[in-house]
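A structural walkthrough
The primary structure of each chain is shown beneath.
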Amino acid sequence: MNHVCTRVWRNPLLIAAFVCLLSQGYGRLAQADETEAASEDDVEVGELGSLDDDADVPSTRRARGTPRAAPRFVIDPSARVAAAHRFSKDFSGEIYARGQLGAIAEPLTTRSSVAAAGAILNKSIEGFVWSNSIENAQRYRDFYDRHMYDANELATALARSFKLSDPAWTVTPRVSFGYRWASDDRFERSKIELMAPIGYKIGDKTELSLMSRVDWETYTRRPDGRRDVTGYVGAGVKQALTRGVNLNVSLGYESRSSNVPNFSFTRLKLAPQLNLRAEF
């Protein structure tokens with residue numbers, strides 16, 4: 001895995017973002033108690049987004065070579081490590097690294113994997129959270145086997161959290177736009193994403209969630225003019241294991257419609273994610 005980490009952190013865009021975060025963070029004195037008591041909602045809102053790796057869902061073949069339908073159940077485990085800092089009451093940032101597997105049941109086979117690192121900057125404006133992010137990712141076939149392509153993605157998003165009649169309930173509408181540059185022209189694309197996750201807190205350590213999301217993706221350098229529309233609905237639970245460590249598990253139904261054959265599918269997705277965050 002050393003070659004994976006080396007490729008990620010050699011990217012000059014990520015290095016620049018990392019230096020910018022540190023310089024702004026250490027260039028400010030500690031804020032007043034009002035800042036220290038500020039909510040972490042903007043950081044959490046800034047992390048919202050799909051972990052979909054935009055890969056196709058290759059069909060497997062029977063013993064005699066006849067094709068069968070793409071799998072209807074997928075497991076996408078992932079892990080994320082982050083360091084976050086609040087520069088002021090209205091401005092926060094985060095650098096992170098993540099790994100993701102695309103695993104398919106029956107048989108349980110890893111078909112793809114992702115190693116990525118990035119930075120997110122959040123600005124609170126009159127109750128809204130404006131997030132801007134940059135990510136560099138390397139994508140591999142199977143379990144970090146053959147390298148497929150590199151990608152750099154810039155995204156901007158606007159979100160706002162609303163408390164419902166019961167303060168334990170929140171809903172966070174969010175709209176985002178991103179563009180990904182890829183070393184393989186087939187995967188370069190723009191993406192518009194709309195989502196509205198609903199959360200319900202059970203005590204201090206447990207939160208239930210309902211997720212609805214729609215993505216529009218336009219692949220800008222493919223000769224076939226690929227365009228995808230993907231919808232997702234699901235439910236999950238977020239459990240704090242200890243300070244700065246939580247486990248998210250969600251199960252949802254995902255449906256993609258594409259104008260290019262072999263990219264359309266419907267499936268159930270189980271997505272466990274381990275998150276570790278340190279604040280400095």
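Residues numbered from 1 in each chain as written. Predicted model: local features only at pLDDT ≥ 70, side-chain atom pairs only at ≥ 80, totals over all residues. Heavy atoms only, no water.

1. What to know about the overall build of the protein chain
- When its secondary structure is counted, the protein chain shows 4 helices and 15 strands.
- For the protein chain, the residues scored as buried account for 40% of the 280 residues in total.
- Taking the contacts inside the protein chain whose residues are at least 6 apart along the sequence as the reference set, 56% of them involve residues at least 24 apart.
- By element, 59% of the accessible surface of the protein chain is carried by carbon and sulfur atoms, the whole surface being about 15000 Å². (Helix = DSSP H or I, 4+ residues; strand = E, 2+ residues; numbered from the N terminus. Buried < 20%, exposed > 50% of the residue type's maximum accessible area, 1.4 Å probe, protein only. Contact = heavy atoms within 4.5 Å. Areas by Shrake-Rupley, 256 points an atom, 1.4 Å probe, with all protein chains shown as cover.)

2. With respect to the packing of aromatic side chains
- Tallied over the entire structure, the rule returns 6 aromatic pairs.
- In this structure an aromatic cluster arises from ring pairing among Y140, F143 and Y144.
- The side chain of R226 reaches across the aromatic face of Y219, ending 4.1 Å from its centre.
- Directly above the aromatic system of F263 lies the positively charged group of R226, at a separation of 3.7 Å from the ring centroid. (Phe/Tyr/Trp six-rings, centres within 6.5 Å; stacked < 30°, edge-to-face > 60°. Lys NZ or Arg CZ within 6 Å of the ring centre and 35° of its normal.)

3. Concerning the pattern of salt bridges
- By the definition in use, this model includes 21 salt bridges.
- A salt bridge links E94 to R277; its shortest N-O distance comes to 3.3 Å. Here E94, found in strand 3 (residues 91-104), pairs with R277, found in strand 15 (residues 265-279); they are 183 residues apart in sequence, far enough to count as distant.
- The partly exposed category is assigned to R277, whose relative accessible area is 21%.
- Residues E153 and R189 are paired through a salt bridge, measuring 3.2 Å at the closest nitrogen-oxygen approach. Of this pair, E153 sits in strand 6 (residues 147-160) while R189 is found in strand 10 (residues 189-195), placing the two residues 36 residues apart along the sequence.
- Exposure remark for R189: the relative accessible area of 2% places this residue in the buried category. (Salt bridge = Lys/Arg side-chain N within 4 Å of Asp/Glu carboxyl O.)

4. Side note on a nonpolar patch on the surface
- Together, I125, F128, W130, L158, V175, F177, I192, L194, W216 and V229 make up an exposed nonpolar region whose accessible area comes to about 830 Å².
- Among the elements of the structure, strand 5 (128-141), strand 9 (174-182) and strand 10 are those that each provide at least two residues to the nonpolar patch. (Patch = residues over 30% accessible without salt bridge, like charges linked within 9 Å, V, L, I, M, F, W, Y side chains within 5 Å.)

5. Regarding unusual backbone geometry
- Even without a glycine there, the phi angle at D142 is positive, about 60°.
- Structurally, D142 can be placed in the loop between strand 5 and strand 6.
- Even without glycine at this site, Y144 takes up a positive phi of about 50°.
- Relative to the assigned elements, Y144 resides in the loop between strand 5 and strand 6.

6. Digging into the confidence of the model for the protein chain
- Of all residues in the protein chain, 74% attain a pLDDT of 70 or more, and the chain-wide mean is 80.
- This model gives residues 12-39 a pLDDT under 50, and the stretch forms 35 contacts once residues within four places in sequence are excluded.
- Below a pLDDT of 50 lies the segment residues 55-63, which in the model reaches 18 contacts outside its immediate sequence neighbourhood of four places, other chains included. (pLDDT = per-residue confidence, 0-100.)

7. Here we look at the pairing of strand 12 (residues 206-219)
- Across 7 bridges, strand 10 lies against strand 12 in antiparallel orientation. Counterpart to R189 in the pairing with strand 12 is Y219.
- As judged from the 5 bridges shared by strand 11 (residues 198-202) and strand 12, these two strands associate in the antiparallel manner. Pairing of G199 across the sheet is with S209, part of strand 12.
- A loop of 3 residues connects strand 11 with strand 12, the two strands running antiparallel in sequence, and G203 in this loop sits at a positive phi of about 75°. (Pairing = 2+ DSSP bridges.)

8. Here we look at the pairing of strand 9
- When strand 6 meets strand 9, the two strands line up antiparallel, connected through 9 bridges. Bridge assignment links A155 to a residue of strand 9, and that residue is G178.
- In this sheet, strand 10 lies alongside strand 9 in antiparallel orientation, the contact comprising 7 bridges. Across the sheet, S176 pairs through a bridge with E193, a residue of strand 10.

9. Section: the environment of E217
- By the secondary structure assignment, E217 is in strand 12.
- You can call E217 buried: its relative accessible area is 2%.
- Distance in space between the C-alpha atoms of E217 and G178 is 9.5 Å, their sequence separation being 39 residues.

10. Considerations on the environment of D185
- Within the secondary structure layout, D185 lies in the loop between strand 9 and strand 10.
- A relative accessible area of 34% means that D185 is categorised as partly exposed.
- The spatial distance from the C-alpha of D185 to the C-alpha of R222 is 6.5 Å, given a sequence separation of 37 residues.
- The contact partners of D185, leaving out residues within four places of it in the chain, are R221 and R222.
- In this structure the side chain of D185 is engaged in a polar contact, spanning 3.2 Å, whose partner is the side chain of R221. (Polar contact = N/O pair within 3.5 Å; in protein donor to acceptor, adjacent residues only side chain to side chain.)

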